[in-house]
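Descriptive analysis of the structure
The lines below spell out each chain.
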Amino acid sequence: TVLAGWRATEVRLAEGLLKVESSEGERQLRWDELVLATGARARRLPGQPDHPRVRAFHRWDDLEPLLQGLRRGEIGRVALVGAGLVGCELAEAFGALWGAEVTLVEAGPTPLPEVLDPEVGACVARHLEASGVELRVDSPVRKLEADDDGVTLLLDNGQVAADLAVVAVGVEPEVELARQMGARIGPTGAIAVDERLATSVPHVWAAGDCVEVRDAVTGTPVFRPLGSLANRQGRTLANILAGRRDVFPPAAGAAAVKVFDFNVAATGCTERQARARGVAVRSMWITADDRAHYWPENEKIHLKMVYERDSQRVVGVQAVGTGEVAKRIDVATQLIARGATLGEVAQIEH
């Protein structure tokens, strides 16, 4: 039974009841097992104005006004705040698909700062600029102003004017119901669950972008709102609730994104993240062909591998280029999950 348009507002643990509300009134649903799959909400900038010219990019309600404005020719210049996975994809969509002028604003030193180390991100930066995107890095937004004529972003190093601003600075887990019923919230701000996706409250489970997972490198809790992980968690939890034996293992956080003609993918920790988590690391960098060099369609790719200094355990791999990179990252993810060392990497049969 699907109850579209109904919002869960209260959980009564003792009675096993869930209160839901809609424009039609209130209902109470009885449950034996309760799953929280409340997802995440778009993060806002401090002091972000509520104005039609300032948008997120998280729900259908965010998308439809953008499409209508582009089709009517009302959006000619776009400012994107945040050069993460969503911001980089939107830069291509607004520029290549719709012909809009795009300014991409990032507080970090390079695009994709949570995915790539600076020297790898610099490759993406050059490609974005070569593709016609005005890139402003090291530029935190101090204030965003909007009126009926447009928007203005006030930065530390100047300002950006546009017809529309899309704020894509990440998401925050939706944990209100979990907190209300006393479920433990982890250090990341997401719902804490065990390997069976059980919360601290008996018979209450959670999965998807509202939960934290264990990092495959450090074993510590991390918040990784990735669709691939959410899908796997849903399948795992369905098995468990159906009485099967299943667990959700630590996650390396493999991700891939297309940035114009560049393919970008990464898994595990960046060098910066590893050091911040207390892991002493070194790294290596190579440029390679994505297939046998004599093959007519071969393309160049650039890869960085991060490994633990003493044990030589692989903790992260990043890849960028016009060639195929996802296959490398898929293999690297399995190596990281199994604690493989450089010596074992050298013996992989391709």
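One can find the structure itself at the top, above this paragraph.
To start, this report covers the structure provided alongside it. The structure presented is a predicted model; accordingly, all values stated were derived computationally and were not measured.

1. Some remarks on the layout of surface pockets
- The volume enclosed by the largest pocket comes to roughly 1,400 Å³.
- Surrounding the largest pocket, 46 residues form its lining, Leu85, Glu114, Gly170, Val171 and Pro225 being those nearest its centre.
- Put simply, the parts of the chain that give the lining of the largest pocket at least two residues each are helix 2 (85-97), strand 17 (221-222), strand 18 (255-259) and strand 19 (262-268).
- A total of four residues in the lining of the largest pocket trace back to one element, the largest contributor, which is helix 2.
- Of the residues that constitute the lining of the largest pocket, the class distribution is 26 nonpolar, 13 polar and seven charged.

2. A closer look at helix 2
- With 13 residues, helix 2 should cover 18 Å at 1.5 Å per step; its first-to-last C-alpha distance of 18 Å lies within 8% of that length.
- Every buried residue of helix 2 is listed here: Gly87, Cys88, Leu90, Ala91, Glu92 and Phe94.

3. Digging into the pairing of strand 12 (residues 158-162)
- Pairing between strand 11 (residues 150-155) and strand 12: five bridges, direction antiparallel. Of the residues in strand 12, the one forming a bridge with valine 151 is alanine 162.
- Linking strand 11 to strand 12, which pair antiparallel, is a turn of two residues.

4. Considering the sheet that holds strand 18
- Pairing within the open sheet is antiparallel, and its five strands lie in the order 18-19-22-21-20. The two strands at the open ends of the sheet, each matched to only one other strand, are strand 18 and strand 20 (281-289). The mean angle between the axes of side-by-side strands here comes to 15 degrees, regardless of whether they run parallel or antiparallel.
- As paired elements, strand 18 and strand 19 share five bridges and run antiparallel to each other. Residue pairing for strand 19: valine 257 is matched across the bridge by valine 264.

5. Quick word on the sheet that holds strand 10 (residues 141-147)
- Strand order in this open sheet of three strands is 10-11-12, and the pairing throughout is antiparallel. At either end of the open sheet lies a strand with only one pairing partner, and these are strand 10 and strand 12. Here the average twist between neighbouring strands, direction ignored, is 15 degrees.
- As judged from the six bridges shared by strand 10 and strand 11, these two strands associate in the antiparallel manner. Along strand 11, the bridge assignment pairs valine 141 with leucine 155.

What counts, and where the lines are drawn
Residues numbered from 1 in each chain as written. Predicted model: local features only at pLDDT ≥ 70, side-chain atom pairs only at ≥ 80, totals over all residues. Heavy atoms only, no water. 1 Å grid on protein atoms, 1.4 Å probe; cavity = no way out; pocket = protein on both sides within 12 Å on 5 of 7 lines; lining within 4 Å. Points joined across faces, edges and corners; volume = space filled by probe spheres on them. Helix = DSSP H or I, 4+ residues; strand = E, 2+ residues; numbered from the N terminus. Nonpolar A, V, L, I, M, F, W, Y, C, P; charged D, E, K, R; others polar. Expected span 1.5 Å × (residues − 1). Buried < 20%, exposed > 50% of the residue type's maximum accessible area, 1.4 Å probe, protein only. Pairing = 2+ DSSP bridges. Axes fitted to C-alpha atoms, helices over the stretch in contact; angles between N-to-C directions.

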